[in-house]
Amino acid sequence: MTALDETHDTLLHSWVESANAPGADFPLQNLPFGAFHKRGSHEAPRIGVAIGDRVLDVAAALDAACFLKAGLLAQAAAGACRGATLNALLLLGPDAWHALRVALSRLLRVGADSLRPDGPAAARILLPMAELELHLPVEIGDYTDFYASVHHATNIGTMLRPDQPLMPNYKWIPIGYHGRASSVGVSGMPVRRPVGQMAPAAPGSAPTVGPSQRLDYELEVGAIVGQRNALAHPVRIGAAAAHLFGIVLLNDWSARDVQGWEYQPLGPFLSKSFATSISPWVVTQEALAPFRAPAFVRTEGDPAPLTYLADAADQASGNLDLTLEVLIQTQAMAKAHVAPARVSIGNARELYWTFAQMLTHHTMNGCNLRAGDLLGSGTVSGPTPESRGCLMERAWRGTEPVALPGGETRAWLVDGDTLIMRGWCEREGRRIGLGEVRGTVLPALAS
Ligand code: MN
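Residues numbered from 1 in each chain as written. Predicted model: local features only at pLDDT ≥ 70, side-chain atom pairs only at ≥ 80, totals over all residues. Heavy atoms only, no water.

> I keep staring at the sheet that holds strand β26 (residues 430-442) and nothing clicks. Help me out?
Two strands in a sheet stick together by hydrogen bonds in their backbones, pointing the same way (parallel) or opposite ways (antiparallel). As summarised here, the arrangement of the five strands in space is β9-β26-β25-β20-β21, forming an open sheet in which the pairing is mixed. Bordering the open sheet on either side are β9 (191-192) and β21 (341-347), each of which pairs with just one other strand. Note: β9 against β26, two bridges, orientation parallel. Directly across from Val 191, in β26, lies its bridge partner Val 441. (Pairing = 2+ DSSP bridges. Helix = DSSP H or I, 4+ residues; strand = E, 2+ residues; numbered from the N terminus.)

This is the structure in structure tokens:
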């Protein structure tokens, strides 16, 4: 796991004042990467780093000689940020990511080493986030979605198969399916209610076709693969964490009625592939280093992870102490200026499988992962009702609708609902945030 260094020092202050505000998602210790362009301009997207309510244009800072005192590796890494996505930076590898992080931290901190730009240069380099449009930070070649929360798997299983909630393979193998990369979009992407084929209303009749009536969200963590592995070269568990670049929030929008009809025997298909939303800022593995948590503590009677999934360091710190929150704002709430209401709050440390275990399992057959690939954790649910990460669990398959301000209830998502997910790590006076991922449900297209 990544060691703590000068960039994690809680005493560091930034000359970007908004970054020092208590509770800020993007303090100097975070430095997440995203892609942006100025709203209203016709410029191509570029790579930036979030700091408080500002974004540092990395390539512009390089051009303005802000990285003059940084080494060649940091300068090469900054140069890789000229493109529209992070993929070029990912290909440079962990040493370059680290060098750039140190250089950015020194540039943005108050102190003797500060290379703070001033005058017209500062305005070109440091942009108000409110004036920017954010894009997908990576070109995602492939997207795989796992099922790493044993609480989620048990809850769903209890609804579908009360006699056998958890399949016998669950505690041995990280379950996943191949998702669809083309429909992954960044926060703010509108989500059109999908049309699909659903189970017959009565036995013996034909299936129905129409807009999903059971539209749901899934609260997930998305991990971005940084280092590739060559075809036929599995990644050993001890090396797996170093293959990951960082994480985002992920909403795996799901049509449960479509899913229920189509999922056997090959798993989810059109019930998932219509839309997946991710947050715009990739929080790096390095930034997350102070917030590692032990792997899930398996109860007595649970099998130990098989050898290829077992690693002492991963067991000690393979999970993340990451608080995750889901909020809904209905159209009526928005019209009445009622703030989004919390639907659930939980923590990613409850995941049964670590991302290192997921990545190692994914490659054990020789499958090659590439820089920019996206791995979803699966719905993050905890042991308590308030920590259930999808509406299917939260409203227990529609039988216990969630109460919202103004007297509305939700069993499933309604057109016009805005769904917001937030995430943050907080520990011993340290705090960094992932920002948010949001999306509003649009009515199905008329057929
Ligand atoms: Mn999912």
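Additional details are given in the paragraphs that follow.
> Honestly, unusual backbone geometry in this entry has me stumped. Any pointers?
Where the residue is not glycine, phi is negative for most of them; where a peptide bond is considered, it is trans in most cases. Cis peptide bonds are those with omega within 30 degrees of zero, and the linkage from Gln 264 to Pro 265 qualifies with 5 degrees. Even without being a glycine, Leu 31 presents a positive backbone phi close to 60 degrees. Positionally, Leu 31 belongs in the segment before β1 (33-38). The backbone of Glu 428 sits at a positive phi, close to 45 degrees, despite the residue not being glycine. Within the secondary structure, Glu 428 is located in the loop between β25 (418-427) and β26.

> Quick question: what am I supposed to make of helix α4 (residues 94-108) here?
Working note: α-helix, 3.6 residues per turn, so residues spaced by three or four point in the same direction. Between the first and last C-alpha of α4 there are 21 Å, a value that for 15 residues agrees with the 21 Å anticipated at 1.5 Å per step. Here α4 lies mainly inside the structure; eleven of its 15 residues are buried. Buried within α4 we find Ala 96, Trp 97, Ala 99, Leu 100, Arg 101, Val 102, Ala 103, Leu 104, Ser 105, Leu 107 and Leu 108. (Expected span 1.5 Å × (residues − 1). Buried < 20%, exposed > 50% of the residue type's maximum accessible area, 1.4 Å probe, protein only.)

> Help me understand the coordination of the manganese ion in this model?
Geometrically, a metal with four donors at the corners of a regular tetrahedron has ideal angles of 109.5 degrees, and one with six donors at the corners of a regular octahedron has ideal angles of 90 or 180 degrees. The manganese ion binds to the protein through Asp 145 (OD), Glu 218 (OE), Glu 220 (OE) and Asp 252 (OD), with metal-donor distances spanning 2.1 to 2.2 Å. On the basis of relative accessibility, which here comes to 0%, the residue Asp 252 falls in the buried class. (Donors = N, O, S within 2.8 Å, 3.2 Å for Na, K, Ca; no water.)

> Sorry if this is basic, but what is going on with empty space enclosed by the protein here?
Here the idea is plain: a probe the size of a water molecule rolls over the atoms and shows the empty space left. Evaluation of the coordinates by the stated rule reveals two cavities of 30 Å³ or more. Approximately 150 Å³ is the volume found for the largest cavity. Arg 292, Gly 318, Asn 319, Leu 320 and Phe 355 are, among the 19 residues lining the largest cavity, the residues nearest its centre. Every element with two or more residues in the lining of the largest cavity is listed here: β14 (244-251), β19 (319-320) and α12 (355-363). Counting residues per element, the lining of the largest cavity draws most heavily on α12, which supplies three residues. Tallied by class, residues from the lining of the largest cavity come to 13 nonpolar, four polar and two charged. When its volume is computed, the second largest cavity comes out at roughly 40 Å³. Taken together, Leu 31, Phe 33, Trp 97, Arg 101, Phe 245, Thr 284 and Glu 286 make up the full set of residues lining the second largest cavity. (1 Å grid on protein atoms, 1.4 Å probe; cavity = no way out; pocket = protein on both sides within 12 Å on 5 of 7 lines; lining within 4 Å. Points joined across faces, edges and corners; volume = space filled by probe spheres on them. Nonpolar A, V, L, I, M, F, W, Y, C, P; charged D, E, K, R; others polar.)

> Is there a simple way to think about the side chain of Arg 292 in this case?
As for its position among the elements, Arg 292 is in strand β18 (residues 292-293). Buried charge Arg 292 goes without a salt bridge, the closest partner of opposite sign being Asp 314 at 6.1 Å. Separated by 3.1 Å, the side chain of Arg 292 and the backbone oxygen of Gly 318 make a polar contact. (Lys, Arg positive; Asp, Glu negative; His and termini not counted. Salt bridge = Lys/Arg side-chain N within 4 Å of Asp/Glu carboxyl O. Polar contact = N/O pair within 3.5 Å; in protein donor to acceptor, adjacent residues only side chain to side chain.)

> I keep staring at the packing of helix α2 (residues 72-79) against α4 and nothing clicks. Help me out?
The description of two packed helices rests on the angle between their axes and on the distance between the axes. Where α2 meets α4, the closest approach of the two axes is 8 Å, and the angle between their N-to-C directions is 95 degrees. Judged on the interaxial angle alone, α4 and α2 are roughly perpendicular. Of α4, the residues touching α2 (which contributes Leu 73, Ala 74, Ala 77 and Ala 78) are Asp 95, Ala 96, Ala 99, Leu 100 and Ala 103. Counted by class, the contact of α2 with α4 contains eight nonpolar, no polar and one charged residues. (Axes fitted to C-alpha atoms, helices over the stretch in contact; angles between N-to-C directions. Parallel < 35°, antiparallel > 145°, perpendicular 65-115°, else oblique. Contact = heavy atoms within 4.5 Å.)

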